[in-house]
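What follows is the residue order along each chain.
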Amino acid sequence: MAILCDVYLLGMLAVSLRLLYVMLFNLDRYDYRYNRVDIAVVFILSNVLWPLFLRKPRLLFSPEDLFKPEFFDMAAITRNKDKLFENVPLCTNTILYRQGIGRCSTTYGEFVFDADDVEEVLNNKLVKNKHLYSNDEGAIAFWLNRRDKSNNTVCEAPRLWSRFSLLADELLRAGMGSVRCVECEMSIDIKTLVKNDTSGNPGWNFNKLECPNKHLLLEVETMHILMRKDSE
Ligand SMILES: [Zn+2]
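Keep in mind that this is a model prediction, so the values were computed, not measured. (Residues numbered from 1 in each chain as written. Predicted model: local features only at pLDDT ≥ 70, side-chain atom pairs only at ≥ 80, totals over all residues.)

**Some points on the sheet that holds strand β8 (residues 216-225)**
Two pairing modes exist for strands in a sheet, parallel and antiparallel, and in both the strands are linked by backbone hydrogen bonds.
Here is step 1 of the chain: The 3 strands are arranged β6-β7-β8 in an open sheet whose pairing can be described as antiparallel. Across the chains shown, the open sheet's two edge strands, defined by having one partner strand only, are β6 (194-195) and β8.
Here is step 2 of the chain: Bridging between β6 and strand β7 (residues 203-210) involves 2 bridges; their strand directions are antiparallel. Opposite V194, over in β7, you have E210 as the bridge partner.
Here is step 3 of the chain: Sheet strands touched by helix α7 (residues 164-173): β7 and β8. Its angle to β8, the strand with the most contacts, is close to 110 degrees. (Pairing = 2+ DSSP bridges. Helix = DSSP H or I, 4+ residues; strand = E, 2+ residues; numbered from the N terminus. Contact = placed C-beta atoms within 7 Å. Axes fitted to C-alpha atoms, helices over the stretch in contact; angles between N-to-C directions.)

Below, the structure written as structure tokens:
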């Protein structure tokens, strides 16, 4: 029994040292900003329950995966956005935007906007909502301000700035930009876009733009409604 106890404690010490090494040298300030509680829980549980790792010995040697969020990794998104902001790509007078994966679904729209139009809509938004400077809108404004106004080639808006979708939605509904549906493999007259918006539903509501063949081109969140269940 004493030997088993020694083995357990030695294993705990080894796991503890390995996890501390990962926590010191593999995790960064983004992980600790967004996942501090999860990191602490993983560390404590892993120390106590380390014999369970014997079923997945890979985790003993490379436990980095233990600290990765299973679904939504806000630390990774913020880290990548900061990297993008430090090294913004070239912006030109013509901007291509593809949303790709929307909030819930794949979207099939390809949109081309005049950078002047995007800048005007964005500036109006920022004047009314100054707090957006600290969000994607601020980074997009910085990107647009540095654009090469002598360059008319097409540049693509980084998808990491997911709130560009809100600008795209506003521009398209104001009749600005050109549209292509990847599923139909053809250009779409902006006047024929189908609005399939939701409003007033419990949970998230969306603005959805579809091509005449019902392919979803753009999907943006508009409002989240919380519904209280009346007690019986
Ligand atoms: Zn289509």
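**Description of unusual backbone geometry**
Here is step 1 of the chain: Residue E185 is not a glycine yet carries a positive backbone phi of 55 degrees.
Here is step 2 of the chain: Within the fold, E185 resides in the loop between β4 (178-181) and β5 (186-188).
Here is step 3 of the chain: E185 gets classed as exposed once you count the C-beta atoms within 10 Å, which come to 8.
Here is step 4 of the chain: Positive phi, normally seen in glycine, also occurs at K214, with a value near 70 degrees.
Here is step 5 of the chain: Looking at the element boundaries, K214 is found in the loop between β7 and β8. (Buried ≥ 20, exposed ≤ 12 C-beta atoms within 10 Å, placed from the backbone.)

**Here we look at the pairing of β4**
If a strand is regular, its side chains alternate between the two faces of the sheet.
Here is step 1 of the chain: Burial along β4 is one-sided: the face carrying V179 and C181 is buried and the face carrying S178 and R180 is not.
Here is step 2 of the chain: The sheet contact formed by strand β2 (residues 109-114) and β4 spans 4 bridges and is antiparallel. Bridged to E110 within β4 is R180.
Here is step 3 of the chain: Of the strand pairs in this sheet, β4 and β5 are connected by 3 bridges, and their pairing is antiparallel. Bridging from a neighbouring strand, C181 pairs with M186 of β5.
Here is step 4 of the chain: Connecting the antiparallel pair β4 and β5 is a turn made up of 4 residues, with E185 showing a positive phi of about 55 degrees.

**Digging into the domain arrangement of the chain**
Here is step 1 of the chain: Parsing the chain into structural domains produces domain 1 (2-64) and domain 2 (90-225).
Here is step 2 of the chain: The distance between the C-alpha centroids of domain 1 and domain 2 comes to 43 Å. (Domains from an automatic or database assignment.)

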